[in-house]
Amino acid sequence: MSTLTGLVGGLVQDAVSVAKGTVRLPLDVARTADILLTTDRAVIGATPRDVVWTHRKTTLYRYRSTDRRHAVPILLVFALINRPEIFDLRPGSSFVEFLLAEGFDVFLVDWGVPGEEDADMGVAEYVCDELHWAVRETVRASGSPHVSVVGWCIGAALSAMYTALHPDGAVRNLVLLTMPLDTSGSLYRQWVGRPSFDADRVATAHEGVPGPMVDTANKLMKPVTNYLTTKRRLFGQVRQGTANKVAYQAMAKWVADNPRFPQAAFRDWIRLMYKENRLVDGTLTLRGRQVDLGAIRRQAVLVVTAAGDHIAPRAGTLPVLSMVTTDDLTHFDRPGGHIGLMAGSKAKGLIWPDIAGWLAERSRPARTPRPARPARTRTARPDAPTPDRRTP
Amino acid sequence: MSEKTAAPASPLNQLFAVYEQAEAKAAALAEQAVGSNVFAELLATTATNAMALAGLANAVVDRGVRLTRVAARADVTGLARQLARTEDKLERLLQEVHELSDRLAVPDFPPDDAPPARPARAARSAAPRNGATVRTPR
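These numbers come from a predicted model, not from an experiment. (Residues numbered from 1 in each chain as written. Chains lettered and ligands numbered in written order. Predicted model: local features only at pLDDT ≥ 70, side-chain atom pairs only at ≥ 80, totals over all residues. Heavy atoms only, no water.)

As for the sheet that holds strand β6 (residues 171-177) of chain A
Sheet strands pair by backbone hydrogen bonding; their relative direction is either parallel or antiparallel. All names here are of chain A. Pairing within the open sheet is mixed, and its 8 strands lie in the order β1-β2-β4-β3-β5-β6-β11-β12. For this open sheet the edge positions go to β1 (49-55) and β12 (329-334), each flanked by a neighbour on one side alone. Taken pair by pair, the neighbouring strands of this sheet meet at an average axis angle of 20°, ignoring direction. With 5 bridges joining them, β6 and strand β11 (residues 300-306) adopt parallel strand pairing. Residue pairing in the sheet places Leu177 in a bridge with Val304 of β11. The sheet contacts of helix α3 (residues 123-142) involve β1, β2 (58-63), β3 (74-77), β4 (106-110) and β5 (147-152), and relative to β1 the element is tilted by about 135°. Contacts between helix α16 (residues 352-361) and the sheet are confined to β3, β5, β6, β11 and β12, with β6 contributing the most and set at about 165° to the helix. (Pairing = 2+ DSSP bridges. Helix = DSSP H or I, 4+ residues; strand = E, 2+ residues; numbered from the N terminus. Axes fitted to C-alpha atoms, helices over the stretch in contact; angles between N-to-C directions. Contact = heavy atoms within 4.5 Å.)

Here it is in structure tokens:
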């Protein structure tokens, strides 16, 4: 009798639960759809800033601050694909905001949205002209003879190339975030490094590669995760009442904003990095000058890798540790993905303070003696998370 | 990524859990598939062909528009490119001026109490008149 009662009770409970879930289902679907459909209203890159310099589509911004405590300004450099707003994603979760609060003078070089007329902008133009001029304008605007360059993804590679070409230039500190360097063994190389991928033809049809095409290629690396799991996970969070609409929309808006990859830059990037892997070989030349990362000897260098990075795999970045010849070399390795490392929900506590601390130690005025250079650290660590090989 | 569910394991939740497992397996299989040589070859060939077709279509449309005596996309791009070249020249000139200004140590905005003497002019007049660049130590 008691077994029968328990069975019936269980069935009733299940039925009630199913009924409740079924009634809530349309509401949860509607809420999820609302988040997805209103993504373009999200506000990103909201920190107040001023235009310092422009050339073609490139713009140098300086973020407003009333509390600049460090002598050396920071210049942020992002990739040629996607927009640099990832540095300043949303209030409360913005790397720029964090750096400003730490007392840094922050500049950002924005490559803009290239048009067909910018088809002639190649890697050499970005490194030797745009970045060079942006560094010069940063120095002029800040009044400091030195600058700390923080590059991310392709921006890190461009920054490293620039610093290698100007070893005695204004760059004092170089931060390389998830930088693609040795592309052998990467999925990208398997796709675009093969002879059947004609980079010239792909880049020529539209005088550049349309942003959505680059975005599709990126998403195809993890198709189910990118096209399905993110939305299903959002639906699950809505059902549990834990969805963060503002955070999801800000990231989704940034991900969907893909500028054109200029024709010459795409052709150069694919050939130099994926077909011929020249940067790691030390055979890359820009305007007849060899880009030897070994020339980076006077700068303090911080290399940050992400254990779960599938776009610029960690193993492909680590050779930089043995290529640069500086005595002040630090490597942070953190869990996370290519973007999540710096823009994820945990970045604010996991990596930003370490980067800011590292920069602060090396951002004293030039006339005061620099802190004693710590022992050089080169060896790559095994799997994350493990303690950093950082300088004391 | 698994999500911790606070709700009891109702049939609906069980259904979602089964779906999540299936999705995780599909994700792993898909990543394996896109990493294969066959997919890479297919992607490379398809991308190249698609862009070649797009190029042809663009050219045809442009010719059609030009026949109507209206500026086509290529014409507008050509004009924009000329503007970009002009901007390049101006920028290079500006950078050269900045460099010379730095070498001469001429402040952009001299202080109000600065003496009336003009250091740039003084330096120029002291320079040999053979077009050589004046290099003032910083």
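A closer look at the interface of chain B and chain A
Counting residues at the interface gives 47 residues for chain B and 49 residues for chain A. Carbon and sulfur atoms supply 52% of the area buried between chain B and chain A, which totals about 4,200 Å² over both sides. Across the chain B-chain A interface, the total number found is 9 salt bridges. Linking A:Arg194 and B:Glu41 is a salt bridge whose minimum nitrogen-to-oxygen distance equals 2.6 Å. Linking chain B with chain A are 24 residue pairs in polar contact (both at pLDDT 80 or more). (Buried area = accessible area lost by both parts, 1.4 Å probe. Salt bridge = Lys/Arg side-chain N within 4 Å of Asp/Glu carboxyl O. Polar contact = N/O pair within 3.5 Å; in protein donor to acceptor, adjacent residues only side chain to side chain.)

Structural notes on the environment of A:Leu60
Residues and elements named next belong to chain A. Of note, Leu60 is situated in strand β2. Separated by 291 residues in sequence, Leu60 and Ile351 have C-alpha atoms that sit 25 Å apart. In contact with Leu60, other than residues within four places in its own chain, are Asp50, Val51, Val52, Trp53, Leu75, Phe107, Leu108, Val109, Ala134, Glu137 and Thr138.

Side note on the confidence of the model for chain A
Across chain A, the average pLDDT comes to 89, with 92% of residues at or above 70. Confidence over residues 368-392 of chain A falls short of pLDDT 50; this stretch has 68 contacts with residues more than four positions distant or in other chains. (pLDDT = per-residue confidence, 0-100.)

Quick look at helix α8 (residues 223-240) of chain A
All names here are of chain A. In this model α8 runs 25 Å from its N-terminal to its C-terminal C-alpha over 18 residues, within 8% of the 26 Å that 1.5 Å per residue would give. The sharpest bend along α8 reaches about 40° and sits at Thr229. Restricting attention to buried positions, one finds in α8 the residues Pro223, Val224, Thr229, Arg232, Leu234, Phe235, Gly236 and Val238. Count one or two residues on from α8 and you reach Gly241, which has phi positive near 80°. (Expected span 1.5 Å × (residues − 1). Bend = angle between axes of the 7 residues up to and from the residue. Buried < 20%, exposed > 50% of the residue type's maximum accessible area, 1.4 Å probe, protein only.)

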